[in-house]
Amino acid sequence: MKHAPSRRFARPGLAAWLVPLCALAAPAGAPDAPDTFVQTAPVTAAVTVEGAERTVTLVGRAPGRVLFTVGEDAVGARSAIEVDRIEAVRFDLELDETEVFRDLRRRNWLGAARRLLPAVRPALPYLDLPANDAAEPALRAGDGFMRAAARRADLAETPEQEAFVREQFETAYGILTQAAAARFSPVGALAELKAAQCLLALGKTAEAAAALEAAEEPLPGDAAYGLYWLARAQAALEAGAHRAALDAAVKSAAFETKDIDTFPDALLAAARAYESIGNPYRARDVYVEVASVFPGTDWSETARRRLAAILDRGLTDAEEPVPIKTVFFGLKEDMNARARELLAAEDALQEEETE
Amino acid sequence: MKVSRIRGLLTAGLLGALLAALPARAQVSAHSLFESANEKLAHGDYMGAVPDLRQLVDMLGDSTTDRTVAVMEGVYFKLGVAHFFSGQFAESEAVFDAYLRKYRNGRYAAKAALYSADALRFRGRLRDAAAAYQAALKRYAFNRLLECDVYAGLARCRLAADDWAAAVEPLQAVYRLAPDLMRRNWAATLLTTAYLKRMELEKIYPLVPYLLRPDSFASRSVAYNVAALEAGDLLYADDLYRDALWIYRLVYPHDVLTGRSREYLARLESLADRLKRSAGDPRRLMRVQESIGELEAELEALNAIDNYDIELQTRIARSYMELRRYREGRELFLYLYEAAPAAVAEESLYLAFVCSTQIEPLDEAFEIGNRYMEAYPAGAFFDPLTLTMGQLYARLEAWPALIEHLTRTLDIAPRHESGAECLLLLGYAHFMEEQFADAAHRLRTLLTAYPGSDLAGEAHYWLGMALLFDERYEDAAGAFDTVLAQYPESRYAESAAFRRAVCDYGESRFEAADRRLAAFLEARPGSRVAGEALMMRGDIAGALGRLDPATAFYRQAMDDPNLNIELYNHSAFQCGRILYETGQYDALRRHFAAYLKQRREGANIPQAVYWIGAALWNSGEQAGALRYYSAAVAKYGGDRGALGIDMILDEWVGRTRSAEPAAAAAAWAELRERLEAAKRRDDRVQILRLKRVMLYDPDRSEAARARLTDELLREDNLPYAGPAVLETMLDRALARGREDFAATVAAYTLETFPETDTALEARMLLGRRAAAGAEAASDHAERQALYDAAIAHLETVRSVHATRPEAAEALMLLGDVYRRLRRFDEADARYRAVLGVRAWRTHWPAALYGRGECARERGNPLEAAAYYERIYLLYGHYTAWAARAYLRRAECLRALYQNAKAREVLQEMLADRELAALPEADHARALLKELDG
């Protein structure tokens, strides 16, 4: 969409806030080439420049700049400001967090995502702006669609269901690629990695691998550390590189134990990799861990399914060689028994609930 | 990881600091007071609103008109709120009490009761506050939001009194009622803290998803993290590593805790500022302010405890290691190596190595191990780490790497705590690399440096093995004797007993070897090397001409399932050969029929077929034998390693010579047809094999045979030539004087078929050639190299083929070579070995002569003269040797100034007409003339 060239703030009566903004705005008579403008749906935001906050209506983007209008002159009175000069942006998000929370408590990811998306949609073209408060809910929206799709993917049987799942992943991917622009905070890196996870789920393994390759490797302690290695583990599992998957999953699970969005998934990826490299004992241990530490969650259900499969097939029936110290001090733990107790307790609970 | 318990985290009394001083006011009307108060409250100026509202109460509080009473309900409530948010809790409480007396069921009664209880709490009257909250819950119906506040207040009263048990119930209510993530998270964190204190771990896990969030209250709560640390410590101390791990992982690092708290405090302060500036929800502001107060208290408490991050990570890593989650352990220990102080860093790197030793492939274990060695050459874990690395190399059979590693290790740490183990491993590795002298050196060092070591028995054994394989049989025998005498209970004693016999065998002391083997078998009939011992007894019996016992030993050996295929085949074919040579054809057929039936992997089927055919032929079943052979040639002829096929073909040729002319012609016609067919198939193995046979074709002219020989003697045939073809090439090349080509064929034979008889011939050729070359060499280095090559070939012949006639020739040549090198002990030992075997008696005169030459060249003519004398006295019929012996003895006597005796010896020699005709006689005469002159 094309826009009229920007004009300078020069009218009297604007608040003092405008002074620094005017100073930073594009100079009068220096119109951008029309084809460099992209008009967006108008979105109200409180923009801080040089410590002063002012409510404006954001209406479009040009390279390195944001178009906006002020007050009642919204129509036709567009101005531009360089993104680098913006310190913070607070969007007027129409979001009922209580309802979102209610959906999340019920593990209704799709419901939460559908509440978040309309609120953040107008802000999506502006997620690169420094310290904006829409990036994080946008990430949550994308994540919600992704989780909903992942959950349904296991159950999809008909082509329609599969198409629905695919559509959810694509929606998630669309949101996350925009949220990936939020480089002022960890949200950008997290969204970039989640977008790669969507590609994996969509079967675009080569594109996912390229995206992960392009992503910067975080250090332990970085917010994206757990997700980065989790995504790499998942990509490696898809590629059948089980040892590489295990190494990556271990990095994620060992160093990022405080992120519920990655930790249990990383443990499950590690367990799956342990299974793949022919170590059912460690796979069993990790599944017991996930089922025990995250009871009543999707992760726990997955872990219990796999645990039951391992035990039913008798893969851990044979005695595992243990270090001599363990035997000597009588520290040996019967993990098969512990696993069976865990499954039995859960089964009994389910029967009770059914009754 | 003991930290002081944090008490009083949830203290109140923070609101007062928010409010500014009360401005002066003017006397105004009730309406304007009302307007003014509302305006101030709308802008968060609670303290400013108090005088207006108080004046309204003073003015109209006692009014009884319904309208005024109704209006004043709001005024009373707002005054209570204004006092409350001005930090005037006593005043607030009094106003709310007054309100509740006047408006027991009023619009704001529930809220007033809640504020009243809150005010009590902020005044530190926790018991009263708790009672007030509970009373409010009974009396009023709160909406969900306020009910949550009531329970939160009640929980805070309990927590402020450090009564975690009593706090659980209201916290559960908050968790259940919380309308947003923040409050649910707060409740989940504090509930977890309470459960941790009571070690009710199962109740914690359903809350974990709330604890592991970036904004979680858990990431800022000292009480929570300290409780988790303490619970983890208890579990860890009880060796409950799995549960300890699960709890430790819930603990936020000190650094994170500090960072998150500061960051969140800044956010809350910013939010509080915004809420104060706007007309918002005052209770929301209250909650934010209360959170700020809590957070400030948390930060203060956090400053009071030491940073526990390294210890926490160490315990998590160790828990992973204990649970055999070695990959996780390794990652964390490597991290600690980088992040922790020096003492912890060193141990962490070592433990990362320990974890890596459990993870295949072992590359990273070696990489980490080497990193440790570089970083901590004097480290506390240097010795166990380096020994483990050596053991890992041994497990991988990476002997050169092991040698390099442990050599470096002992260079760095000559007083290594496991020096004996290192030396034993080194000795073994050198042994496996066939560096026998190095092996012996390492093992001797071990025995010298660690005389009381538990490994001494093992070291003596491997020293014996190194010496044995280095063909130093006498020394090896000593080592094995030590094992047997001093370590009879050692697991190596059995093997040592057998190897001790092998030493005798290697020294050609066959009778002694046989006695030891017999004793060994009697003492240890179930030994794993019993088969090998029986086979060796067979070899010895065969060499000594005891053929029936020899076949019996070989058969017994073959019955031992532990006998490896190489020795099994040796026993089978040696036994077969004896049966054939002694004409026991039926037994021969049965022997190889059983061999074919057993068909062990690696069995030499064509050769067995050959022997069965030979037995058939010699039993008068010629037609059957030829059919049998024909089928075998067709089946196995393309395999160049099938030596039996060449034997069959040789047998075939031999049979045609004694067969009827017509049958012989038919047989040769069949062979020619086979050759043409092989050419058509371009089957080069079969072509060479049949061309070799065609050299014996009676219908082929000499010229044609010469052409065939030309075709055979080509280097590009080598890759297709089997042992028989190679042997023919060797012989024909020598016959044609093409010695270099013969040497090429011999070298190729050794490389390709080292275990065959052809290899023996090849080795002899190379040994002889090297010895002769050394004699002719003018350059010292070249001469030494040639002698070394000769020794290597000939020593192999005498030890590997110890009972073969070639062994005697090899020993004699070795004696000569060592004598040239003035290594008289070794030379004399070789001659002596020949003298120990009756079957080699044709070599005895030469051997005695050699011993005499050794003595003479050492400067001991008297001893030498005795050897020479024995030659002509005992073996006079070996005239050439007798003549040389006479002459040498006379020379020795002359050197001893016994001229008369020398003259006698020469005269005796020349009196023998046979001896007098030999070339030595001329020398004898000349010497006699000198003596006479």
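Not measured: the values here are computed from a predicted model. (Residues numbered from 1 in each chain as written. Chains lettered and ligands numbered in written order. Predicted model: local features only at pLDDT ≥ 70, side-chain atom pairs only at ≥ 80, totals over all residues. Heavy atoms only, no water.)

Some thoughts on helix α34 (residues 643–658) of chain B
All names here are of chain B.
Okay, step 1: The terminal C-alpha atoms of α34 lie 24 Å apart, and with 16 residues this matches the ideal 22 Å at 1.5 Å per residue to within 8%.
Okay, step 2: Within the span of α34, buried status applies to Gly644, Ile645, Asp646, Met647, Ile648, Leu649, Glu651, Trp652, Val653, Arg655 and Thr656.
Okay, step 3: On its buried face, α34 is in contact with α30 (565–581), α32 (605–618), α33 (622–636), α35 (661–681), α36 (684–694) and α38 (723–735). (Helix = DSSP H or I, 4+ residues; strand = E, 2+ residues; numbered from the N terminus. Expected span 1.5 Å × (residues − 1). Buried < 20%, exposed > 50% of the residue type's maximum accessible area, 1.4 Å probe, protein only. Contact = heavy atoms within 4.5 Å.)

With respect to the state of the cysteines
Okay, step 1: Tallied over the entire structure, the rule returns 0 disulfides over all chains.
Okay, step 2: Just so you know, B:Cys892 is unpaired, no disulfide at all, and the nearest cysteine sulfur is the one on B:Cys854, 13 Å from it. (Disulfide = S-S within 2.5 Å.)

Considering the interface of chain B and chain A
Okay, step 1: Each partner contributes to the interface: chain B provides 38 residues, whereas chain A provides 40 residues.
Okay, step 2: Both faces considered, chain B and chain A share a buried interface measuring about 3300 Å² in area, 57% of it formed by carbon and sulfur atoms.
Okay, step 3: Linking A:Asp247 and B:Arg327 is a salt bridge whose minimum nitrogen-to-oxygen distance equals 3.5 Å.
Okay, step 4: Connecting chain B to chain A are 12 residue pairs in polar contact (both at pLDDT 80 or more).
Okay, step 5: When residues of the side of chain B that touches chain A are traced back to their parent elements, those giving at least two are α9 (181–197), α11 (208–211), α13 (241–248), α16 (309–322) and α17 (326–339) of chain B.
Okay, step 6: The element best represented in the side of chain B that touches chain A is α17(B), accounting for 7 residues.
Okay, step 7: Partitioning the side of chain B that touches chain A into residue classes produces 20 nonpolar, no polar and 18 charged. (Buried area = accessible area lost by both parts, 1.4 Å probe. Salt bridge = Lys/Arg side-chain N within 4 Å of Asp/Glu carboxyl O. Polar contact = N/O pair within 3.5 Å; in protein donor to acceptor, adjacent residues only side chain to side chain. Nonpolar A, V, L, I, M, F, W, Y, C, P; charged D, E, K, R; others polar.)

Examining unusual backbone geometry
All names here are of chain B.
Okay, step 1: Here the residue pair Glu360 and Pro361 is connected by a cis peptide bond, since its omega of -10° sits within 30 degrees of zero.
Okay, step 2: Residue placement: Pro361 occurs in the loop between α18 (342–356) and α19 (363–375).
Okay, step 3: Positive phi outside glycine occurs at Met199, with the angle close to 55°.
Okay, step 4: Here Met199 is to be found in the loop between α9 and α10 (201–204).
Okay, step 5: If you check the backbone angles, Asp239 has positive phi at about 60° while not being a glycine.
Okay, step 6: Mapped onto the fold, Asp239 is located in the loop between α12 (222–237) and α13.

Digging into the domain arrangement of chain B
Okay, step 1: Per the domain assignment, the segments making up chain B are domain 1 (15–19 + 87–312), domain 2 (324–398) and domain 3 (859–933).
Okay, step 2: Computed over C-alpha atoms, the centres of domain 2 of chain B and domain 3 of chain B are 75 Å apart. (Domains from an automatic or database assignment.)

Digging into the packing of α36(B) against α38(B)
Residues and elements named next belong to chain B.
Okay, step 1: Where α36 meets α38, the closest approach of the two axes is 9 Å, and the angle between their N-to-C directions is 50°. Judged by the inter-axis angle, α36 sits oblique to α38. Crossing hand, α36 versus α38: left-handed. Facing Leu688, Arg689 and Arg692 of α36, the residues of α38 in contact are Ala724, Val725 and Thr728.
Okay, step 2: Taken together, the residues of the contact of α36 with α38 sort by class into 3 nonpolar, 1 polar and 2 charged. (Axes fitted to C-alpha atoms, helices over the stretch in contact; angles between N-to-C directions. Parallel < 35°, antiparallel > 145°, perpendicular 65-115°, else oblique. Left-handed = near helix turned anticlockwise from the far one by under 90°.)

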